[in-house]
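# Geometric and topological summary
So the chains spell out like this:
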Amino acid sequence: MRLKFTPIAIHTVLLTYTAIALLPIALIIANAFKSRRAIFTDPLALPGPDSFSLRGFAKVLAVSDFELYFINSLTVTLVTLALVLLFAAMAAWALSEYAFRGRLFIGLVFAVGIMVPIRLGTVSILELMVALDLTNTLTALILVYTAQSLPLAIFILTEFIAQIPKDLKDAARCDGVSEIHIFFAIIVPLIRPAIATVAIFVMVPIWNDLWFPLILSPGEDTQTITLGVQQFIGQYVTDWNAVLASLTLAILPILALYLLLSRQLVRGLTAGAVK
Amino acid sequence: MPGVRLHNVSKSFGAEVVLKAVSLDIADGEFAVIVGPSGCGKSTLLRILAGLEAADAGDIEIGGHRVNDLAPAARHIAMVFQSYALYPHMNVYKNMAFGLKFSGLDAAEIDLRVDRAARMLQLEDLLMRKPRELSGGQRQRTAIGRAIVREPDVFLFDEPLSNLDAALRVNTRLEIARLHDTLAATMIYVTHDQIEAMTLADRIIVMNEGRVEQTGTPLELYRAPQNLFVAGFIGAPKMNFIGGDAAGGAGAETIGIRPEHLSVAPKGGDWNATVIAVEHLGSDTYVYAETETSALTMRNGPESTLKSGDKIMLEYDRAAVHRFDAGGQRIPR
């Protein structure tokens, strides 16, 4: 017998999942606007007239180099994003369009890259960065994140590029359009939704990463926001107001980027191309 | 003179041989239609001509120059694809102008050419529309416009009408014929539809299994098919093939009789037959009948009163019989 899912059942499952996923975030945001006492006495309550407090935000903005962390995180994320999208799209185009010796091997290398976590190589990466004199620079982070994100990005984009009708490229070739122009003027605009998807996939783990900033760039000037928050978490005392406030602030830029990119996720962009 | 010559062109995809030493000669300004069943290699031949596929062996000449090693754009050809292959993110104007931008023409000249093509194809009001906002016929005209603006020596059409509905197909067919008269360019047109071939072509090239079976004007092919394949492929309804005694009597292995050369005998006649189906087309009536040994198709006038189940005697016009030997080749009259 075939299982049938009613819309109600489907929505129940999805809503439950959404609630589970959103609850911690909602808790962080709600508690960021509460006084320290209120956070501990009733962590699940919404901020009321008695418990409302902006002390955390005031402290974050006054005491720490919050703007610097912000800019560091944003720089690392955006530069990485730009590099990953450019290189991944080009690699995906080459892998899906051209027959060349070693294509399968290169494709396999990238597939393996998806499966092996880059953190296994942390020690060698650190040695490499020390040798290159790149410790405590944002460049180190950008390089590592670019390498980390490329395999999956290439994998997804290759699938999308392979779906672009062959006739479209052939038509452009008959039209006298060079390969580089075919790529930038036809392929890239047509895979925009895929690029936006990949951008979201790539961006979130980089923004949230604590591991590599802690190891490669823990210096005062190069701390990212996840690292910067740690100064409020002490061995004996944790300034929860400040921690929650800075986490709340940290959500904003990534949320803005997400909204910006998700507008690109329009379907049916290739409609009308063929047939 | 931008005629097209193919000399012993061969092509295989892996173990599959698609073209077997095909040679062709297409004159300047000629409208040549390559026709054949699907998988006969006709599209591959066109793609090799366009430079989208490399030939394994043989020479390709356009305008007297060997173009084997030239990129598609350097061959002075333009191709219209079955799927139209319009750039979906560009409007009609940009679709036509896009390729020209890379050919070093100035903006004024590009404008002029696009306007001229748009007028010729009645696309003037649609220039700002995206492909998805166009109907099938409008998309096809845009694809043709994109070819025209290049002012190529040779137009290549790859089954350009097969995605259109029947009424539009006839219209577009006429437009392409008119276009050929206006532009006087060499056109090579690939189709599996023998009616398109008959109506459009100065010369038809019939292909089967990677070989050219016969070339000639539509009426030459209709009146004197060189072999059984061409005889069966050209003409609708299909030619009747009869073996056995009737063929032996004519000194052949198989004889072919066109449906219009069969008729109901007033008396006597050649075969007893039973009518199994009748199709009234208004101007014609197709009668499908069965004899003891074979199924026959007869073309009757509009006033035919035959109906399914009728027992009739059939006779045929002895002067219009096509004779074929055991190898399927035509025996001259």
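Rules of the game
Residues numbered from 1 in each chain as written. Chains lettered and ligands numbered in written order. Predicted model: local features only at pLDDT ≥ 70, side-chain atom pairs only at ≥ 80, totals over all residues. Helix = DSSP H or I, 4+ residues; strand = E, 2+ residues; numbered from the N terminus. Buried ≥ 20, exposed ≤ 12 C-beta atoms within 10 Å, placed from the backbone. Contact = placed C-beta atoms within 7 Å. Pairing = 2+ DSSP bridges. Axes fitted to C-alpha atoms, helices over the stretch in contact; angles between N-to-C directions. Parallel < 35°, antiparallel > 145°, perpendicular 65-115°, else oblique. Left-handed = near helix turned anticlockwise from the far one by under 90°. Nonpolar A, V, L, I, M, F, W, Y, C, P; charged D, E, K, R; others polar. pLDDT = per-residue confidence, 0-100. Domains from an automatic or database assignment.

All right, on to the overall build of chain A then. When helices and strands are tallied, chain A shows 13 helices and 0 strands. Projected onto the principal axes, the alpha-carbon positions of chain A cover approximately 70 × 60 × 40 Å. Of all 275 residues assigned to chain A, the portion counted as buried reaches 32%. Sequence-distant contacts in chain A: of pairs separated by 6 or more residues, those separated by 24 or more amount to 77%.

As a further point, take the interface of chain A and chain B. The partner chain B presents 24 residues to the 22 residues of chain A that form the contact. The set of elements that each furnish at least two residues to the side of chain A that touches chain B consists of helix H8 (166–174) and helix H9 (179–190) of chain A. The biggest single contributor to the side of chain A that touches chain B is H8 of chain A, with 6 residues.

This brings us to the sheet that holds strand S4 (residues 57–62) of chain B. Residue and element names in this part refer to chain B. Spatially, the 4 strands line up as an open sheet ordered S2-S1-S4-S5, and their pairing is antiparallel. Across the chains shown, the open sheet's two edge strands, defined by having one partner strand only, are strand S2 (16–26) and strand S5 (65–66). Here strand S1 (residues 4–13) pairs with S4 via 5 bridges, running antiparallel. Counterpart to arginine 5 in the pairing with S4 is glutamate 61.

So, about the packing of helix H5 (residues 103–115) of chain A against helix H7 (residues 138–162) of chain A. Helix-helix packing: each pair is described by the crossing angle between the helix axes and the interaxial distance. All names here are of chain A. Axis separation between H5 and H7 bottoms out at 8 Å; the angle between their running directions is 120 degrees. Considering their axes alone, H5 and H7 lie oblique with respect to each other. Our pair here, H5 against H7, has a crossing hand that is left-handed. Here H5 contributes Phe110, Ala111, Gly113 and Ile114 to the contact with H7, which in turn contributes Pro151, Leu152, Ile154 and Phe155. Tallied by class, the residues present in the contact of H5 with H7 amount to 7 nonpolar, 1 polar and no charged.

Attention shifts here to the confidence of the model for chain A. All names here are of chain A. Mean pLDDT over chain A: 87, with 95% of residues reaching 70 or higher. Predicted confidence in chain A is weakest over helix H3 (residues 55–63), with a mean pLDDT of 83, and strongest over helix H6 (residues 122–131), with 94. Within the model, the stretch residues 268–272 combines pLDDT values under 50 with 15 contacts to residues more than four positions away or in other chains.

The next subject is the confidence of the model for chain B. All names here are of chain B. Considering every residue of chain B, the mean pLDDT works out to 92; 100% of them sit at 70 or more. For chain B, the element scoring lowest by mean pLDDT is helix H9 (residues 244–249), at 84; strand S3 (residues 31–35) scores highest, at 96. Among the scores for the predicted complex, ipTM is 0.83 and pTM is 0.82.

Let's shift gears to the domain arrangement of chain B. All names here are of chain B. Under the domain assignment used here, chain B contains domain 1 (4–232) and domain 2 (239–324). In this structure, domain 1 and domain 2 have C-alpha centres spaced 38 Å apart. Domain 1 puts 5 residues into the contact, and the matching count from domain 2 is 6 residues. Here the residues of the side of domain 1 that touches domain 2 are counted per class, giving 3 nonpolar, 2 polar and no charged.

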